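Listed below, chain by chain, are the residues.
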Amino acid sequence: MRVLGASGFIGLPLAQAFVLIPVIGETSKPSSWLPLVATLDVVIDAVGGQDIRMLSETLLNTTAAAAQKHRPAHASKLTYIYTSGTWVHGDDQKEVKTDTTPIKGPVELLQWQPKLERMVIQSSVLNGIVIRPSLLYGKSASILAPLFRRAYEGKFYHLTAEKATIVAGLTIDATNDFTESVDDILQNLVKVSGAKGPYEYAPPSTPLEKAITATTLVRPYLALGWYPRKPRLIDGLEVYYIAWKGGEGL
Ligand SMILES: *[C@@H]1O[C@H](CO)[C@@H](O)[C@H](O)[C@H]1NC(C)=O
C-alpha cells in the first residue's frame, strides 16, 4: 500500500499501522512513485497543507492515468482512498447527518471538496472510496493546535483497505457518535490547563477559523465495525492536553 502524505497527522500513524516501506517522494512531483501503481493494492491520499485542493485533484488524475497506463489489463482496479472530512456536511446545529446524507452546504473553506469526493467515487479506472474523519485529537493535536494542539489511529483505514472491494464507491464518515459542544470543551480546558478563565470567543478572521467554529451532528453507520477506542474529547481532555504538552516539550 502507499500513503501519500505519510508524514502528516493522519498519514504518519497510518503508515505505521500498515508497517510500510517508505518511498520518499514529492507528492507534487509524482514521477518517482507513479510507476509503482502497476503492482500496488491501495493508494491513500492523506495529503495536507495549503494547496490540498489542487494537489489532491492532480494526484487523483495522475494516479488514474498511471493505473490505466501501467496496470495489466487483467489486474483488478487499484483502490484509491481519498481523505475528505466531515466539514463537507457544513455548519448545522439541528439536522443529524449520516454518511449518505446529501451534501448541501459545506463550510466555506471546503466548497470545492464535494466535487472532488464525487470524482473519486465515480472514477471509472479506480476503486474509489472516500473517508471523512471529523475533528482529530490526541498527541500533537492537529487542528486544535492553536487551542491545545492532537492523534489518530490507522485502524479505520486498515479496515477500509482490507474490505476495499466491498466498500468501493462509498463515502464513509469516520467519527464517533458523541455530541460534544465547544462550550463544554472550552470549560473543561480552562479547568485542565489551569488557564485563567473565563474563556471568550474571538470572531473568526479566516475561512479556517470559521470552519473550526462549525457544528455538525454526525451519526455514521457505514464504518465497517470500526469504532474509536479513545475516550471522547471532553472525557479524555486532561490526558490529551498533557500529551500535547509533552510533545511540545513544555
Ligand atoms: C482532473 O480531471 C478532470 C476530469 O478529466 C478535469 O476536469 C480536471 O481539470 C483535472 N484536474 C487537474 C488538476 O488535472
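Keep in mind it's a predicted model, so treat the numbers as computed, not measured. Position numbers for residues start from 1 in each chain and track the written sequence from start to end. Local features are withheld for residues below a pLDDT of 70 in this predicted model, meaning they are given only at 70 or higher, and side-chain atom pairs are given and counted only at 80 or more; totals for whole chains, interfaces and linings count all residues. Neither water nor hydrogens contribute to the side-chain values; these are computed over all heavy atoms in the structure.

A.B. asks: Describe the packing of helix α7 (residues 182–193) against helix α9 (residues 237–248), listing the residues and the values that go with them.
C.D. replies: Relative to each other, α7 and α9 sit at 60°, their axes nearing to 10 Å. As the angle between them shows, α7 and α9 are arranged oblique. Here α7 runs over α9; the crossing is right-handed. On α9, the residues that touch I185, N188, L189, V192 and S193 of α7 are L237, E238 and Y241. Working convention: axes come from line fits to C-alpha atoms, limited for helices to the stretch in contact. Angles between N-to-C directions cover 0 to 180 degrees. Every helix listed is a DSSP run of H or I at least four residues long, and every strand listed is a run of E at least two residues long, numbered separately from the N terminus. Throughout this description, any angle smaller than 35 degrees is read as roughly parallel, any larger than 145 degrees as roughly antiparallel, any in the 65 to 115 degree range as roughly perpendicular, and the remainder as oblique. Left-handed is the label given to a crossing in which the near helix is rotated counterclockwise from the far helix by less than a right angle, and right-handed is the label when the rotation is clockwise. We call two residues in contact whenever any of their non-hydrogen atoms come within 4.5 Å of each other.

A.B. asks: So what's going on with the nonpolar core? Which residues, and what values?
C.D. replies: One finds L78, Y80, Y82 and L126 to be the most contacted residues of the largest nonpolar core, which totals 25 residues. Those elements giving two or more residues to this core turn out to be α2 (52–70), β3 (79–83) and α3 (113–121). Looking at this core element by element, the count peaks at six residues for α2. With residues near it in sequence (within four places) discarded, L78 still touches V37, L40, D41, V42, V43, T63, A67, R71, L126 and N127. By nonpolar core is meant a set of buried Ala, Val, Leu, Ile, Met, Phe, Trp, Tyr and Cys residues that side-chain atoms within 4.5 Å join together. Buried, partly exposed and exposed residues are distinguished by accessible area as a fraction of the type maximum, computed with a 1.4 Å probe on protein chains only: under 20%, between the cut-offs, and over 50%, respectively. If you look at the next biggest cluster of nonpolar residues, it comprises twelve residues, including I10, L14, I131 and L222.

A.B. asks: With reference to specific residues and values, describe the pairing of strand β2 (residues 42–45).
C.D. replies: The side chains of a regular strand alternate, residue by residue, between the two faces of the sheet. Alternating positions in β2 separate into two faces, V42 and I44 on one and V43 and D45 on the other, with burial throughout. DSSP bridges decide pairing: two strands pair if at least two such bridges lie between them. Looking at chain direction, β2 and β3 are connected through four bridges and run parallel. In the sheet register, V43 faces β3, and the bridge partner there is Y80.

A.B. asks: If you had to explain the site of the ligand to someone new, which residues and values would you point to?
C.D. replies: Around the ligand, the surrounding shell consists of M54, E57, T58, N61 and M119. We define a polar contact as two N or O atoms separated by no more than 3.5 Å, with the added condition that, inside protein, one atom must be a possible hydrogen donor and the other a possible acceptor, whereas residues neighbouring each other in sequence contribute only through side-chain atom pairs. Between the ligand and N61 there is a distance of 2.4 Å, counted from an oxygen atom to a side-chain nitrogen or oxygen. Per-element tally for the shell around the ligand: the top contributor is α2, with four residues. In the scheme used here, Gly and all other residues not listed as nonpolar or charged are polar, with Ala, Val, Leu, Ile, Met, Phe, Trp, Tyr, Cys and Pro taken as nonpolar and Asp, Glu, Lys and Arg as charged. Residue classes in the shell around the ligand are distributed as two nonpolar, two polar and one charged. By convention in these notes, a residue is near a molecule or strand provided one of its non-hydrogen atoms lies within 4 Å of it.

A.B. asks: Could you give an account of the side chain of R71, with specific residues and numbers?
C.D. replies: For R71, the position within the fold is in the loop between α2 and β3. D41 provides the closest opposite charge to the buried, salt-bridge-free R71, at an N-O distance of 5.8 Å. Of the polar contacts made by the side chain of R71, one reaches the backbone oxygen of L40; its length is 2.9 Å. Engagement of the side chain of R71 in a polar contact is seen with the backbone oxygen of S76, the distance being 2.9 Å. The contact partners of R71, leaving out residues within four places of it in the chain, are V37, A38, T39, L40, A66, S76, K77 and L78. Charged-residue counts in this description rest on Lys and Arg as positive and Asp and Glu as negative, His and the chain ends being excluded. We count a salt bridge whenever a side-chain nitrogen from Lys or Arg sits within 4 Å of a carboxyl oxygen from Asp or Glu.

In short, shape yes, function no, at least from these values alone.
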